[in-house]
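Geometric and topological summary
Below are the chains, spelled out letter by letter.
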Amino acid sequence: MTDFRIGQGYDVHRIEAGLPMYLCGIKIAGDCGFVAHSDGDVAIHALCDALLGAGALGDIGKHFPDNSDEFRGIDSKILLRRVSGMLEAKGYSIGNIDITIALQAPKIAPYIQQMRESLAAVLELSIDRVSVKATTTEKLGFVGRGEGCECWAIASILK
């Protein structure tokens, strides 16, 4: 019998002028970015939580605390590789991932294919197992006012 599991993740980061913006490992052009201890890649952080949750391994803060100098400014793709390694060590492989990014601006639809390719490369998955979607909140709430970005991720793993 196959051990099939699903995990979900959520993350949010505040937006501030003068910072770089990374989503799914891709730098997004613009003059604002995410306030964070690491590089602030809200999509990868949500995905890490989804994968860790599927493996019953806790959450991203447990493994990569935001008060540790080791992770200050770290490329979130490194964190994602480590999470993938944790799952592999337990005998799991990733089935598929699905990410939804809520961001009012900038528009990220032109980056979606690059984002999918980036995640597929980091996780060594075929691109047809990687879904990234973008939405706005129709100018409602903190996302709609351009104050932040929300991201949800779902991942399946199997042994």
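Going by the structure above, here's the rest.
All of the points below concern the structure found in this document. (Residues numbered from 1 in each chain as written. Predicted model: local features only at pLDDT ≥ 70, side-chain atom pairs only at ≥ 80, totals over all residues. Heavy atoms only, no water.)

In this section: the nonpolar core. One finds Leu23, Leu47, Ile101, Met115 and Leu119 to be the most contacted residues of the largest nonpolar core, which totals 49 residues. Here the element with the most residues in this core is helix H1 (residues 42–54); it accounts for 10 residues. Setting aside residues up to four positions removed in sequence, leucine 23 forms contacts with Ile28, Phe34, Asp41, Val42, Ala43, Ile101, Leu103, Ile108 and Met115. (Core = buried A, V, L, I, M, F, W, Y, C linked by side-chain atoms within 4.5 Å. Buried < 20%, exposed > 50% of the residue type's maximum accessible area, 1.4 Å probe, protein only. Helix = DSSP H or I, 4+ residues; strand = E, 2+ residues; numbered from the N terminus. Contact = heavy atoms within 4.5 Å.)

Further remarks concern the packing of aromatic side chains. Applying the stated rule across the entire model yields 2 aromatic pairs. A ring pair is formed by tyrosine 10 and tryptophan 152, whose centres lie 5.7 Å apart and whose planes are at 50 degrees; its orientation type is tilted. With tyrosine 10 in strand S1 (residues 4–17) and tryptophan 152 in strand S7 (residues 148–158), this residue pair connects regions lying 142 residues apart in the sequence. Note on tyrosine 10: relative accessible area 37%, which makes it partly exposed. When the centroid spacing of 5.3 Å and the interplanar angle of 80 degrees are considered together, the rings of phenylalanine 64 and phenylalanine 71 count as edge-to-face. (Phe/Tyr/Trp six-rings, centres within 6.5 Å; stacked < 30°, edge-to-face > 60°.)

Looking now at the sheet that holds strand S5 (residues 93–102). An order of S4-S1-S7-S5-S6 is seen for the 5 strands of this open sheet, with the pairing classed as mixed. The outermost strands of the open sheet, each flanked by one partner alone, are strand S4 (32–34) and strand S6 (130–135). Averaged over all pairs of adjacent strands, the angle between their axes in this sheet comes to 20 degrees, without regard to strand direction. Against the sheet, H1 touches S1, S4, S5 and S7, its axis set at about 155 degrees to S1. (Pairing = 2+ DSSP bridges. Axes fitted to C-alpha atoms, helices over the stretch in contact; angles between N-to-C directions.)

What follows deals with the side chain of serine 76. Summarising the element assignment, serine 76 is placed in helix H3 (residues 76–89). A relative accessible area of 0% means that serine 76 is categorised as buried. If we skip the residues at most four places from it in the chain, serine 76 touches Ser38, Asp39, Asp41, Ile44 and His45.

For the rest of this paragraph, the subject is H1. Its 13 residues give H1 an end-to-end C-alpha distance of 18 Å, which sits within 8% of 18 Å, the value for a rise of 1.5 Å per residue. Of all the 13 residues making up H1, 12 are buried; the element is thus mostly covered by neighbouring parts of the structure. Taken residue by residue, H1 has Val42, Ala43, Ile44, His45, Ala46, Leu47, Cys48, Asp49, Ala50, Leu51, Leu52 and Ala54 as its buried positions. Count one or two residues on from H1 and you reach alanine 56, which has phi positive near 55 degrees. (Expected span 1.5 Å × (residues − 1).)

Let's shift gears to helix H4 (residues 112–123). Between its terminal C-alpha atoms H4 stretches 17 Å, which fits the 16 Å expected from 12 residues at 1.5 Å a residue. Within H4, the full set of buried residues consists of Ile112, Met115, Arg116, Ser118, Leu119, Ala120, Val122 and Leu123. Turning to H4, the residues buried within the fold contact strand S2 (21–23), strand S3 (26–28), H1, H3, S5 and S6. Backbone geometry just downstream of H4 places glutamate 124 in the positive-phi region, at approximately 55 degrees.

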